[in-house]
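Now for the letters of each chain:
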Amino acid sequence: MTQTTGRYTADTITDQALDELYATVRRLNYRAQRAESTIAQYERAVVQWEISERGTYIPHASLRAIGRVTGTDLLGSVRHLQHFQRVEQAEAAIARVRAHLRYVLDYQGPGHSHLVPGRWDKDGSPCDHCARLAEARAALDEPKEGRP
Ligand SMILES: [Zn+2]
């Protein structure tokens, strides 16, 4: 290394200094490749986002992908995802209630006043109508007694 420029020249560089320079180049290339790979992972995750005037929708898969890059379980810690899970559960419950109500509203059969609740007087077999009404009450979270 020269005193004036602080740089090696082809005439002044030692084998050891050259080895160190090659090692530095390899290390920097490795870092660049890792950085490019990480950026590509983020880009693939973010490209799934849906951005509009109304807001930004970030799919679960995108958050999972970002979580993998960062080594963090984003799905377990994001409050909004838990909210989405509750919404999905509520939608499923509403769908069940709607199906039961549709059955009740469309039912055209005879009235039911069994001697044994839920069982046909003739042979004691279960009454499908009463069973369905019991399911509907359970879906509505109503008490099973006190209904026809
Ligand atoms: Zn019945």
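Since this is a predicted model, take the numbers as computed values, not measurements. Residue indices follow the written sequence of each chain, beginning from 1 at its first position. Restriction of local features to residues with pLDDT of at least 70 applies here, the model being predicted, together with a cutoff of 80 or more for giving and counting side-chain atom pairs; totals for whole chains, interfaces and linings are based on all residues.

### With respect to the overall build of the protein
Next up, step 1: Going along the chain from the N terminus, every DSSP run of H or I of four or more residues is numbered as a helix, and every run of E of two or more is numbered as a strand. Of the regular secondary structure elements, the protein holds five helices and two strands.
Next up, step 2: Reading the protein from its N terminus to its C terminus gives the helix and strand order α-β-β-α-α-α-α.
Next up, step 3: Exposure criterion: with C-beta atoms placed from backbone coordinates, a residue whose C-beta has 20 or more other C-beta atoms within 10 Å is buried, one with 12 or fewer is exposed, and one in between is partly exposed. For the protein, the residues scored as buried account for 2% of the 148 residues in total.
Next up, step 4: What counts as a contact here is a pair of residues whose C-beta atoms, placed from the backbone, lie within 7 Å. Restricting to contacts in the protein with at least 6 residues of sequence separation, those with at least 24 account for 24%.

### A short note on the packing of helix α1 (residues 15–46) against helix α2 (residues 60–70)
Each pair of packed helices can be summarised by the angle the axes make with each other and by the distance between the axes.
Next up, step 1: Structural elements are reduced to axes, namely lines fitted to C-alpha atoms, with helices fitted over the stretch in contact, and the angle between N-to-C directions of any two is expressed from 0 to 180 degrees. Put simply, α1 and α2 touch, their axes get as near as 8 Å, and they point 165 degrees apart. The angle between the axes of α1 and α2 places the two elements in the roughly antiparallel class. Seen along the crossing, α1 lies across α2 with a hand that is left-handed. Listed contacts from α2 to Thr38, Gln41, Tyr42, Arg44, Ala45 and Val46 of α1 are Ser62, Ala65, Ile66 and Val69.
Next up, step 2: Ten residue types, Ala, Val, Leu, Ile, Met, Phe, Trp, Tyr, Cys and Pro, are classed as nonpolar, four, Asp, Glu, Lys and Arg, as charged, and the remainder, Gly among them, as polar. Of the residues that constitute the contact of α1 with α2, the class distribution is six nonpolar, three polar and one charged. Working definition: roughly parallel below 35 degrees, roughly antiparallel above 145 degrees, roughly perpendicular at 65 to 115 degrees, and oblique for all remaining angles. In this scheme the crossing of two helices becomes right-handed for a clockwise turn of the near helix relative to the far one and left-handed for an anticlockwise turn of less than a right angle.

### Quick look at the environment of Tyr57
Next up, step 1: You can see Tyr57 is positioned in strand β2 (residues 55–57).
Next up, step 2: For Tyr57, the residues in contact, after removing those within four places along its chain, are Trp49 and Glu50.

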